[in-house]
Amino acid sequence: MINYSKNFLEELYRTMIKIRFCEESFVKPIVRGEIKCPVHLYSGQEAVAAGVSAALREKDYIFGTHRSHGHYLAKGGSLRELVAEIYGKETGCSKGRGGSMHVIVSKKGMLGAAPIVAGTISLAVGSALASKIRKEKKVTVSFFGDGAVGEGVLYESLNFAALKKLPVIFACENNFYSTHMPIRECRPRNDIFKIGIPFGITSFKIDGNNVLKVYEAVKRAVGICKKGGGPVFIEFITYRLRGHVGPDDNIQGAHTDIRSKEEIAKWKRKDPIIRLKRFFIKNRIFKKEDLEKIDRELKKEVENAHIFAKESPHPRKEELTNYVFKK
Amino acid sequence: MINYSKNFLEELYRTMIKIRFCEESFVKPIVRGEIKCPVHLYSGQEAVAAGVSAALREKDYIFGTHRSHGHYLAKGGSLRELVAEIYGKETGCSKGRGGSMHVIVSKKGMLGAAPIVAGTISLAVGSALASKIRKEKKVTVSFFGDGAVGEGVLYESLNFAALKKLPVIFACENNFYSTHMPIRECRPRNDIFKIGIPFGITSFKIDGNNVLKVYEAVKRAVGICKKGGGPVFIEFITYRLRGHVGPDDNIQGAHTDIRSKEEIAKWKRKDPIIRLKRFFIKNRIFKKEDLEKIDRELKKEVENAHIFAKESPHPRKEELTNYVFKK
Amino acid sequence: MSSKSRELPYSLAINEALHQMMLADRNVFLLGQGVKSPWYVGNTVRGLLKRFGPERVIDTPVSENAVTGVGVGAAISGMRPVIVHPRMDFMLYAMDPIINEAANWHYMSGGNSSAPIVFWTIINRGGEQAAQHSQALQAMFTHIPGLKVVMPATAYDAKGLFIAAIKDDNPVLYIDDRWLYNQKGKVPEEIYTVPIGKGVIRKKGRDVTVVATSYMLSEANKAVKELEKDKINVELIDLRSLKPLDENLLFSSVRKTGRLVVVDAAWKTCGIAAEISARVIENVFKYLKAPIARVNLPDSPAPASSILEKEYYLRDKDIISAVRKVLR
Amino acid sequence: MSSKSRELPYSLAINEALHQMMLADRNVFLLGQGVKSPWYVGNTVRGLLKRFGPERVIDTPVSENAVTGVGVGAAISGMRPVIVHPRMDFMLYAMDPIINEAANWHYMSGGNSSAPIVFWTIINRGGEQAAQHSQALQAMFTHIPGLKVVMPATAYDAKGLFIAAIKDDNPVLYIDDRWLYNQKGKVPEEIYTVPIGKGVIRKKGRDVTVVATSYMLSEANKAVKELEKDKINVELIDLRSLKPLDENLLFSSVRKTGRLVVVDAAWKTCGIAAEISARVIENVFKYLKAPIARVNLPDSPAPASSILEKEYYLRDKDIISAVRKVLR
Ligand SMILES: Cc1ncc(C[n+]2csc(CCOP(=O)(O)OP(=O)(O)O)c2C)c(N)n1
Ligand SMILES: Cc1ncc(C[n+]2csc(CCOP(=O)(O)OP(=O)(O)O)c2C)c(N)n1
Ligand SMILES: [Mg+2]
Ligand SMILES: [Mg+2]
């Protein structure tokens, strides 16, 4: 474990804590009604985004979902532009047209996100096909949730990607819930990764709350893809610490979670950030104070992003239909 | 093997030879242009339809595809009405509105067929759900081809059926071709039945050109379904002796098959009807003359069906829009 | 009868239709995302799971295509399923079973079979949800033969049309709107139907005909009141059904007023308003005193930013200015 | 230049567009069912596989949804894919990537990304293929913002619009018709474009404007000739693009003739003809001397029986009687 560079480990930590602070920073503005847009917080799943992106190069591609702030940030998206987008501002990464569910930063390889469940999976296969045709050796990661495993287009995508041996990693974040539905009410079997097997796809599951395991698994998958052995299917076992949308599962004003307190408490103990901190301290890689300094820095960055976003202009209503067609 | 009643075996033979004669009877009228409608002949796959239906009761349901004359006849559909439908006549099973690809005989449990690939699979799951809700103990068979395994809705259907433990048999007739595409260009792996496994579905493949094996497998599957252990996925290995549509793969007037002569010859040797005849003779169940008598009888029946169809009236053009809505 | 004056919100009118029809007809069942929870579909499904159990109130995985097909297949087998799509946007995964299968089934079988199913779908827009979570696709479905389409605007119609849709022997697309859920109206307690294909005059008038459906009726009502101040006497028609369309009601109103404004909270091009306009032109052209005005969304995806949303969605003022235009 | 007088059938004009664009731009590739074989798409794909190899001419499994999405994703990544659906009916499986994703992509990203893709789809009807193998769904797609729609009627336009569609930075739905494949016309040998959004007057006239596209132009041409015998002088407009629509061409023709017949070989309700009619009413109402007539398919699924097909599909006589009607 200790053969990771300190720099590398610090970067992982920074990415995760940045995502966490960013996500948590939305809670108050949502409750206060300053943010109107539906926001699907990534808190609790940071190790997946951080570990995956650490194993990718900038030129590699990813596609996201409705819950993609973490994917966007980990791939190098600007924090300020993310926050501004969520406030619906012209300075947002999608100029306020897309909101939280359409984050994008193409120049960093984050090619987009969209909330139609499973809607971006085939797009990711398409970008893998593009890089294969161009012989660019880029790898594409398709992020999707356990809920998306219900959609047929995933299987069509698996088949096509396997048939053409495309460099795409199917990254399924199994957080056990699809909105109000626990996975056992969605699927007869839990082991999602096994759906890759009939297509001859290298498929496995790993602990998605352990960032180093995530990193190692994806590094391996990238290697397979680059050698033409793709696609790879990885199921990341993880958990969202917040509700499906917004801070909690606020059903008709009840602000209650459909999940049991015990279950949430259990997963809080597996919080990927706490685990990483513990690992750092235990192995004397970083001191508590080092980490606290990073925390302060990123807290500030997040605060500044909110200030930036709030001060940014709204889109002009005269420009409502500006981007219907590319001119 | 000899513990089947003679009656039962004769019925199997009659069904198969009726389908074969019926299918082959279309060749000339197609070539002559008397039949205009696209016709997907079932010749070569008769053992599947016959064996499946023999294991079902009249009240059980089936849904078909673009290639469903055999399914319809085996389930008890009228030969005359089938032929009339293909001639586009008012006396057809769909009153000339549906043609060859929309055969139906609801009162015999053949609930319909449609050529959108995989389009009827979820419908079949729906009728299984209906019988579960009504506690009727009916079983539904969904027929589809290897080509349909490319469509995502199949996987959604597998998941839903498995989740709700529905009494449905997924009957995949793997004839190795989907129009002009051999299966190896459609799927990275051949063993289609394995796609059922990640959903916890009892899944297996059998020789679809051996009618008794088909019958036994489906009888077992029906038993599983009736005990609430459904669904079941069965892959039937078979082959169509004719082209994809019409007598041969007539591409731009070339009347050539895209498949190699050797391959076709190999499968002609496995013709399910020849095999059944051989089995009868070898085991002294029927004599050659017995079978010839049946053949003559059914040939006559088919001829009469053509006469009936040709003499039947066309739909009246005033009734063009009669069935848009049910009144 | 006291039941005549009872008020219910639109959402509970739907809820009551479901309760009563599931009780009255064992063939009716509910299938789709969110039917076990208020999370998706508000209180329209309240108490259904508890009363009718998970065999008839079936929440589903995210598999719009198959689940819709399951409904169609059950309908073909003699059931009366109600399939819910909590957003219209999600139905784009389910076009095959709706259009290729259900809508054609009766025709393709020469009348030998049919699919009596309700596709219940919800327009759920606004709130900065952006392009994939805001669509109102009624025109795409109204284009399809063999499919009836209804869009109730009031609590009374919400219940009556739902019951009519369930009882209809054909596939019916029932479209409601989250913006209507809290609107209250008189709803009789008993089972009753509002006939599919019949519109209603919400207010008699003589200067101009305004046609609106679903949520736009509320905005049209406001517009009508505002215009009254200027002595403009609007005849307000609520079509209630888009297919079949109550042409006669429409034509006789236009014959009287000679002016027409058609409101539909969806894209303009090839939309519902185009059809109504074209039909009026074909049939009562000579009565028209002015061009027909269409009040629609711009041909643009929905934006996220609420500043842009305000510009994008229609309100009474849009109707008012259209009316003034055709009166000029 | 000799190239100016060379004739090609419509199908080979498409074929030439594909050859030339794949040669000119390494980002162009072809994906979909049947691209390796004449089985599905006639000779439109002749020689492509041999010339460009299976990496750029990719025949696919029957997976319309994912395959279309693959195209969209490749477009987002900078390629210029052409995705073929050998029948429009099959596209109902692929509505999500086309409508939710491709058509919205540029807007949702605030102009930061786009999906320059051609959805090439074929209307393949007649021949007793019945309801699921006959549909002409142009109106459903023309309703969608962010998607351009073209329907070439001649070999010249078939090539020129295909090239324009590939070069366009937006998703373009390119709809052709099997009934046109053998029609010959002059096709320049070089690469050229026909501008998307520009219609053309096929014949000048003053008594009545007839608008037709795609295959219906042929029938309209016959009708025009027949009507000439009776001294009826038709102005015949071929729109070529349905979105954007060449309004100005349309309006100025109607201003001149005062009468309009709109022909579209698809269902009437909420169809293309409704939109054209509504737009003309909105804009040049006062020039209209008679109701606008729509010539469409009846609102019915396609039948199998060829006797019924003859009644169902449109021909010159339908246009002729519509013209006579608006001239009465
Ligand atoms: C096609 C479609 N159907 C339904 C929805 C509603 N919906 C939004 S998120 C979601 C569940 C997603 O669950 P999962 O994929 O596990 O992602 P998670 O929210 O757990 O991150 C659903 C069903 C949708 N957005 N798109
Ligand atoms: C959705 C859809 N896509 C494509 C087609 C064209 N098509 C007709 S039959 C067929 C292949 C069917 O192959 P398979 O399922 O193996 O059945 P078989 O013809 O071998 O019996 C295809 C692709 C179609 N009818 N529907
Ligand atoms: Mg989940
Ligand atoms: Mg096959």
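Keep in mind that this is a model prediction, so the values were computed, not measured.

S.K.: Lay out the overall build of chain C with the relevant residues and their values.
M.R.: Secondary structure summary: chain C contains twelve helices and 14 strands in total. Here the C-alpha radius of gyration of chain C, 19 Å, is about what a compact globule of 328 residues would show, namely 20 Å. Referenced to the eigenvectors of the C-alpha coordinate spread, the extents of chain C come out at roughly 60 × 45 × 45 Å. Burial analysis of chain C (328 residues in total) assigns 76% to the buried set. In chain C, the share of contacts with a sequence separation of at least 24, taken over all contacts with a separation of at least 6, comes to 83%. Only carbon and sulfur atoms are counted for the fraction: they give 49% of the accessible area of chain C, which is about 9,000 Å².

S.K.: Before we move on, can you summarise the interface of chain D and chain C with the specific residues and values?
M.R.: Taken together, the contact pairs 49 residues of chain D with 48 residues of chain C. Between the two partners, chain D and chain C, sit six salt bridges. With a shortest N-O distance of 3.1 Å, Arg294(C) and Glu282(D) are connected by a salt bridge. On the surface where chain D and chain C come into contact, there are 20 residue pairs in polar contact (both at pLDDT 80 or more). Those elements that place two or more of their residues in the side of chain D that touches chain C are helix H5 (95-108), helix H6 (138-142), helix H10 (272-284) and strand E14 (293-297) of chain D. Considered class by class, the residues forming the side of chain D that touches chain C number 27 nonpolar, eleven polar and eleven charged.

S.K.: Tell me about the coordination of the magnesium ion (ligand 3), residues and numbers included.
M.R.: All names here are of chain A. Bound to the magnesium ion (ligand 3) on the protein side are Asp-146 (OD), Asn-175 (OD1) and Tyr-177 (O), at distances that span 2.0 to 2.1 Å. For the magnesium ion (ligand 3), the single-chain donor residues occur in sequence as D-x28-N-x1-Y. Remark: Asn-175 occurs in the loop between strand E4 (168-174) and strand E5 (177-178) and Asp-146 occurs in the loop between strand E3 (140-145) and helix H7 (152-163); sequence separation between them is 29 residues. Just as Asp-146 is buried, Asn-175 falls in that class too.

S.K.: Could you give an account of the site of ligand 1, naming the residues involved and the relevant values?
M.R.: What surrounds ligand 1 is a group of 22 residues, the closest being His66(A), Arg67(A), Gly147(A), Asn175(A) and Glu64(C). The residues that come close to ligand 1 belong to more than one chain, namely chains A and C. Between an oxygen atom of ligand 1 and a side-chain N or O atom of His66(A), the distance comes to 2.8 Å. Within the side chain of Asp146(A), an N or O atom sits 2.8 Å from an oxygen atom of ligand 1.

S.K.: Residue-level account of the pattern of salt bridges, with values.
M.R.: For the structure shown, the criterion picks out 88 salt bridges over all chains. In this structure, Lys135(A) and Glu55(D) form a salt bridge, with 3.5 Å as the shortest nitrogen-oxygen distance. Linking Lys135(A) in the loop between helix H6 (121-133) and E3 with Glu55(D) in the loop between helix H3 (48-52) and strand E3 (57-59), this pair reaches from one chain into another. Judged by relative accessible area, Glu55(D) falls into the partly exposed class, the value being 34%.

S.K.: Could you give an account of the packing of aromatic side chains, naming the residues involved and the relevant values?
M.R.: Under the defined criterion, the tally for this structure stands at 40 aromatic pairs over all chains. Taking the centre distance of 6.0 Å and the plane angle of 50° together, the rings of Phe279(A) and Phe280(A) count as tilted. Across this residue pair, the class does not change: Phe279(A) and Phe280(A) are buried. A centroid spacing of 4.3 Å and a plane angle of 40° characterise the contact between Phe162(C) and Tyr174(C), whose relative ring orientation is tilted. Taken together, the residues span a long stretch of sequence, with Phe162(C) in helix H7 (residues 155-167) and Tyr174(C) in strand E7 (residues 172-177) at a distance of twelve residues. Tyr174(C) carries the same exposure label as Phe162(C), and that label is buried. Within the aromatic cluster, the residues linked to one another by ring pairs are Tyr13(A), Phe279(A), Phe280(A) and Phe286(A). The ring centre of Phe204(B) lies 4.7 Å from the NZ or CZ of Arg220(B), which sits over that ring. A cation over an aromatic ring shows up here: Lys148(C) above the ring of Phe325(B), its NZ or CZ 5.3 Å from the ring centre.

S.K.: Give me the relation of the copies chain D and chain C: which residues, what numbers.
M.R.: Mapping chain D onto chain C leaves a residual RMSD of 0.0 Å; the transformation is a rotation of 180° accompanied by 0.0 Å of translation along its axis. Here the copies are linked by what is in effect a two-fold axis.

S.K.: Mind laying out the site of ligand 2, listing which residues take part and the relevant values?
M.R.: Among the 22 residues in the neighbourhood of ligand 2, the closest are listed as His66(B), Arg67(B), Gly147(B), Asn175(B) and Glu64(D). More than one chain approaches ligand 2, the contributing ones being chains B and D. Glu64(D) places a polar side-chain atom, nitrogen or oxygen, 2.5 Å from a nitrogen atom of ligand 2. Contact with the protein chains removes 96% of the 570 Å² of surface that ligand 2 exposes when unbound. Residue composition of the shell around ligand 2, grouped by class: nine nonpolar, nine polar and four charged.

S.K.: Before we move on, could you go through the sheet that holds strand E8 (residues 232-237) of chain A and cite the residues and values that matter?
M.R.: Sheet strands associate in pairs through backbone hydrogen bonding, adopting either a parallel or an antiparallel arrangement. All names here are of chain A. Pairing is parallel across the open sheet formed by six strands, whose spatial order is E2-E1-E3-E4-E8-E7. Only two strands of the sheet have a single neighbouring strand rather than two, namely strand E2 (110-113) and strand E7 (202-207). Each adjacent strand pair in this sheet contributes to an overall mean axis angle of 20°, direction not counted. Where strand E1 (residues 61-64) meets E3, three bridges bridge the pair, whose relative direction is parallel. Across the sheet, the residue bridging to Tyr-61 is Thr-140, located in E3. Against the sheet, H7 makes contact with E3, E4 and E8, and its axis sits at roughly 150° relative to E4, the strand it touches most.

S.K.: Account for the sheet that holds strand E3 (residues 57-59) of chain C, with residues named and values stated.
M.R.: Residue and element names in this part refer to chain C. The strand order across the open sheet built from seven strands is E3-E2-E4-E5-E7-E6-E12, with neighbouring strands paired in mixed fashion. Each end of this open sheet is capped by a strand with a single partner; those strands are E3 and strand E12 (241-243). Strand after strand, the sheet turns through a mean of 20° between neighbouring axes, direction not considered. Sheet analysis places strand E4 (residues 80-85) next to strand E5 (residues 118-123), joined by four bridges and oriented parallel. If you follow Val-82 over to E5, its bridge partner there is Val-118. In the packing of helix H4 (residues 64-76) onto the sheet, contacts are made with strand E2 (28-32), E4 and E5, and the angle to E4 comes to roughly 165°.

S.K.: Go over the environment of Trp179(C), please, and point to the residues and values.
M.R.: Residue and element names in this part refer to chain C. Structurally, the position occupied by Trp-179 is in the loop between E7 and strand E8 (184-186). For Trp-179 and Lys-229, which are 50 residues apart along the polypeptide, the C-alpha to C-alpha distance reads 27 Å. Sequence-distant contacts of Trp-179, that is, excluding residues within four places in its chain, are made with Arg-125, Gly-126, Tyr-215 and Tyr-313. At 3.3 Å, the side chain of Trp-179 forms a polar contact with the backbone oxygen of Arg-125.

Thresholds applied
Residues numbered from 1 in each chain as written. Chains lettered and ligands numbered in written order. Predicted model: local features only at pLDDT ≥ 70, side-chain atom pairs only at ≥ 80, totals over all residues. Heavy atoms only, no water. Helix = DSSP H or I, 4+ residues; strand = E, 2+ residues; numbered from the N terminus. Rg over C-alpha atoms; globule rule 2.2 N^0.38 Å. Buried < 20%, exposed > 50% of the residue type's maximum accessible area, 1.4 Å probe, protein only. Contact = heavy atoms within 4.5 Å. Areas by Shrake-Rupley, 256 points an atom, 1.4 Å probe, with all protein chains shown as cover. Salt bridge = Lys/Arg side-chain N within 4 Å of Asp/Glu carboxyl O. Polar contact = N/O pair within 3.5 Å; in protein donor to acceptor, adjacent residues only side chain to side chain. Nonpolar A, V, L, I, M, F, W, Y, C, P; charged D, E, K, R; others polar. Donors = N, O, S within 2.8 Å, 3.2 Å for Na, K, Ca; no water. Near = heavy atom within 4 Å. Phe/Tyr/Trp six-rings, centres within 6.5 Å; stacked < 30°, edge-to-face > 60°. Lys NZ or Arg CZ within 6 Å of the ring centre and 35° of its normal. Least-squares fit on C-alpha atoms with pLDDT ≥ 70 in both. Pairing = 2+ DSSP bridges. Axes fitted to C-alpha atoms, helices over the stretch in contact; angles between N-to-C directions.

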